[in-house]
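Letter by letter, the chains look like this.
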Amino acid sequence: MPTTSEMSLPLEWEDDERMNFMFSEFKENRDVNTTDWDSKMDFWTALIFRSCRQCGSVLVNLQDLNRTFQRKEKTPLGLSTVLQTMARCGTIQRESEFAASVDCGWVSWSVGMLLVKPLKWTFSTLLGSKRVPLEESFVVIDLVKEKAAELLKVYQSSEFSSCSIVSFQELCTLFSDICADESTLCMALLQLQKDKQVIVSLHEGEKIVKFCQPGQERVSPVSDVDVGIYQLQHSEKLLGERVQKLSLEADRCKEEARILLREGKKSQALRCLRSRKRVEKRADSLFAKLETIRGILDRIAESQNDKMVMQAYQAGVAALRLSLKDVSVERAESLVDQIQELCDTQDEVNQTISSGVTAADEDMDELEKELKALLDEPEADVNPPDLPAFPTDGRGLSGEQILSPLPAVPHSHLNTTTDVLEEELNRLTLSETVFPQRRVTSPEKRLEAAQ
């Protein structure tokens, strides 16, 4: 783990008074002062997470933590309590118990740094103990999950993504930039196996890892076909390296022959050319075998594609059969006939509605013609009755003078006909329209108008 000089620390790390409190031992009873107890626990928990992320590790132990968080030659006294509390909350877990929680024989997978001890020292013993062994390793659960997801993402974007099985040594090289050590890689692979994304097996003493392929929710067990493909891919890689090496050796022999020929050592140059011929012959033979292996791998890949297509065909046939379960030709014909009848009915309704609208349009045309005829008729010449001029000299008028121009009040019996009344009404309306300024509602208003 990094030292305090190599990692970013909180600002309060430089506060001596605050750090004296943080470096002191925890109270045995948290209820004495829960605020101080919780603040100290949160401080060291966050600092442990930050330290692990910066160094790329998912494992912690008390010995490394004491060495990492030394300050002015002082070591924190409460880290043992911090680890116990984190374990009780499920934030961390013993390395051996984490490995034992994964099935498929990971417990028996000896990786050197992955030490799976007998579970005599149980987790309850850990929680009940006041001391934590200095070298006992704990797995930070959240960090190992993050590291596992990162490993899977790197694999899927690497050149090994086309290979379902990869050797452990190749994975160490592939993940060297994101895993601080081999133990971190083992813990991440444990988490991936726990998530059913990888499975680890042994083949001729070599650890191999099979990854879940695209389109699969979980990895399938290692089969003989997988092992055969892995062997072919491994042989292809070895033959390719040997062919490349022989090609370089042939070029070297050719260059030596040229140099010897310039120096006049013709016999030695001929020996170099003979060596070059032999090397090229071996390279051609290996290259032919390499091409054969590549052809077999291509056929296997093609057969896998054919298998996938056949499975898709089978799924499609099953789905189509299920979807057509209640469908028949007779039922389809009946539905088509019903649709045709409904369409005919709709056409008849539309035709009826359209015919009604046409009749209304014809009536409207007749009304338009009649209105045009009325506009073309000559207007009747209606002259307003002669009214006496009002004086403009400002003299006042009597009531009789104002009312004298008006027609006399009729004294006969009101038994006039409707035609007479309508004619009188038209005459009055026309008079008001032509001379609106002469309408006076009372003698007083008529007098004001005359003045």
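Residues numbered from 1 in each chain as written. Predicted model: local features only at pLDDT ≥ 70, side-chain atom pairs only at ≥ 80, totals over all residues. Heavy atoms only, no water.

### A short note on the overall build of the protein chain
Here comes step 1: Scanning the protein chain for helices and strands turns up 15 helices and six strands.
Here comes step 2: Relative to its 451 residues, the protein chain shows a buried fraction of 29%.
Here comes step 3: In the protein chain, once contacts between residues fewer than 6 apart in sequence are set aside, the share between residues at least 24 apart is 68%.
Here comes step 4: Of the roughly 31,000 Å² of accessible surface on the protein chain, 53% is carried by carbon and sulfur atoms. (Helix = DSSP H or I, 4+ residues; strand = E, 2+ residues; numbered from the N terminus. Buried < 20%, exposed > 50% of the residue type's maximum accessible area, 1.4 Å probe, protein only. Contact = heavy atoms within 4.5 Å. Areas by Shrake-Rupley, 256 points an atom, 1.4 Å probe, with all protein chains shown as cover.)

### Points about the sheet that holds strand E2 (residues 92-94)
Here comes step 1: Taking strand neighbours across the sheet as the criterion, the three strands line up as E1-E3-E2 in an open arrangement whose pairing is antiparallel. Lying at the two open borders of the sheet, with one neighbouring strand each, are strand E1 (59-60) and E2.
Here comes step 2: As defined by bridge partners, E1 adjoins strand E3 (residues 138-140) across two bridges and the pair is classed as antiparallel. Across the sheet, Leu59 pairs through a bridge with Val139, a residue of E3. (Pairing = 2+ DSSP bridges.)

### Concerning the side chain of Thr184
Here comes step 1: Relative to the helices and strands, Thr184 resides in helix H9 (residues 182-194).
Here comes step 2: Classification of Thr184 by relative accessible area gives buried; the value is 0%.
Here comes step 3: Here Asp181 takes part through its side chain, which lies 2.7 Å from a polar atom of the side chain of Thr184.
Here comes step 4: Not counting residues up to four positions away in its chain, the partners in contact with Thr184 are Gly56, Ser57, Val58, Lys147 and Cys179. (Polar contact = N/O pair within 3.5 Å; in protein donor to acceptor, adjacent residues only side chain to side chain.)

### Here's the deal with the sheet that holds strand E4 (residues 165-167)
Here comes step 1: Read across the sheet, three strands follow the order E4-E6-E5 without closing on themselves; strand pairing throughout is antiparallel. Edge positions in the sheet fall to E4 and strand E5 (198-203), since each of these pairs with one other strand and no more. Ignoring which end each strand starts from, the neighbouring axes of this sheet average 30 degrees apart.
Here comes step 2: With three bridges joining them, E4 and strand E6 (residues 206-211) adopt antiparallel strand pairing. Within the sheet, the bridge partner assigned to Ile165 lies in E6 and is Lys210.
Here comes step 3: Sheet contacts for H9: E5 and E6; angle to E5, the most-contacted strand, approximately 115 degrees. (Axes fitted to C-alpha atoms, helices over the stretch in contact; angles between N-to-C directions.)

### A closer look at a nonpolar patch on the surface
Here comes step 1: On the surface, Val309, Met310 and Tyr313 cluster together into a nonpolar patch covering about 310 Å² of accessible area.
Here comes step 2: Relative to the assigned elements, Val309 resides in helix H11 (residues 266-323). (Patch = residues over 30% accessible without salt bridge, like charges linked within 9 Å, V, L, I, M, F, W, Y side chains within 5 Å. Salt bridge = Lys/Arg side-chain N within 4 Å of Asp/Glu carboxyl O.)

### What to know about the environment of Leu246
Here comes step 1: Within the element layout of this structure, Leu246 appears in helix H10 (residues 224-262).
Here comes step 2: Judged by relative accessible area, which is 6%, Leu246 ranks as buried.
Here comes step 3: Expressed as a C-alpha distance, the spacing of Leu246 and Lys281, which sit 35 residues apart in the sequence, is 9.6 Å.
Here comes step 4: Filtering out sequence-adjacent residues up to four positions away, Leu246 remains in contact with Val279, Arg282, Ala283 and Leu286.

### Focus on the side chain of Asn66
Here comes step 1: Relative to the helices and strands, Asn66 resides in helix H3 (residues 62-68).
Here comes step 2: If sequence neighbours within four positions are ignored, Asn66 has contacts with Thr75, Pro76, Leu79 and Leu134.

### Points about the layout of surface pockets
Here comes step 1: Taken as a whole, the largest pocket holds about 1,200 Å³ of empty space.
Here comes step 2: As for the largest pocket, its lining consists of 31 residues, of which Ser162, Ser164, Gln213, Ile229 and Gln304 are closest to the centre.
Here comes step 3: Residues that form the lining of the largest pocket fall into these classes: twelve nonpolar, twelve polar and seven charged. (1 Å grid on protein atoms, 1.4 Å probe; cavity = no way out; pocket = protein on both sides within 12 Å on 5 of 7 lines; lining within 4 Å. Points joined across faces, edges and corners; volume = space filled by probe spheres on them. Nonpolar A, V, L, I, M, F, W, Y, C, P; charged D, E, K, R; others polar.)

### Digging into the packing of aromatic side chains
Here comes step 1: One pass over the full model with this rule turns up six aromatic pairs.
Here comes step 2: Ring geometry for Phe23 and Trp44: centres 5.5 Å apart, planes at 65 degrees, overall edge-to-face. Placement of Phe23 in the loop between helix H1 (16-22) and helix H2 (34-55) and of Trp44 in helix H2 is noted, with a sequence separation of 21 residues between them.
Here comes step 3: The exposure class of Trp44 is buried, given its relative accessible area of 1%.
Here comes step 4: Their ring planes at 55 degrees and their centres at 5.5 Å tell us that Trp44 and Phe69 sit as a pair that is tilted. Placement of the pair is Trp44 in helix H2 and Phe69 in the loop between H3 and helix H4 (79-88), with a sequence separation of 25 residues. Per residue, the accessibility class of Trp44 equals that of Phe69, and both read buried. (Phe/Tyr/Trp six-rings, centres within 6.5 Å; stacked < 30°, edge-to-face > 60°.)

### Considerations on H2
Here comes step 1: With 22 residues, H2 extends 32 Å between its outermost C-alpha atoms, agreeing within 8% with the 32 Å of an ideal straight helix rising 1.5 Å per residue.
Here comes step 2: Burial in H2 covers these residues: Trp37, Lys40, Met41, Phe43, Trp44, Thr45, Leu47, Ile48, Phe49, Ser51 and Cys52.
Here comes step 3: Check the buried side of H2 and you find it contacts H1, E1, H3, H4, E3 and helix H7 (141-156).
Here comes step 4: The positive-phi residue at the C-terminal boundary of H2 is Gly56, with phi of around 75 degrees. (Expected span 1.5 Å × (residues − 1).)

### Some points on the packing of H2 against H7
Helices that pack against each other are described as a pair by the angle of their axes relative to one another and the distance between those axes.
Here comes step 1: Two elements in contact, H2 and H7, have axes whose closest approach is 11 Å; the angle formed by their N-to-C orientations is 25 degrees. As summarised for this structure, H2 and H7 are arranged roughly parallel, according to the angle between their axes. Crossing of H2 over H7 shows right-handed handedness. For the pair H2 and H7, contact is made by Phe49, Cys52 and Arg53 and by Asp142, Leu143 and Glu146, respectively.
Here comes step 2: Residue composition of the contact of H2 with H7, grouped by class: three nonpolar, no polar and three charged. (Parallel < 35°, antiparallel > 145°, perpendicular 65-115°, else oblique. Left-handed = near helix turned anticlockwise from the far one by under 90°.)

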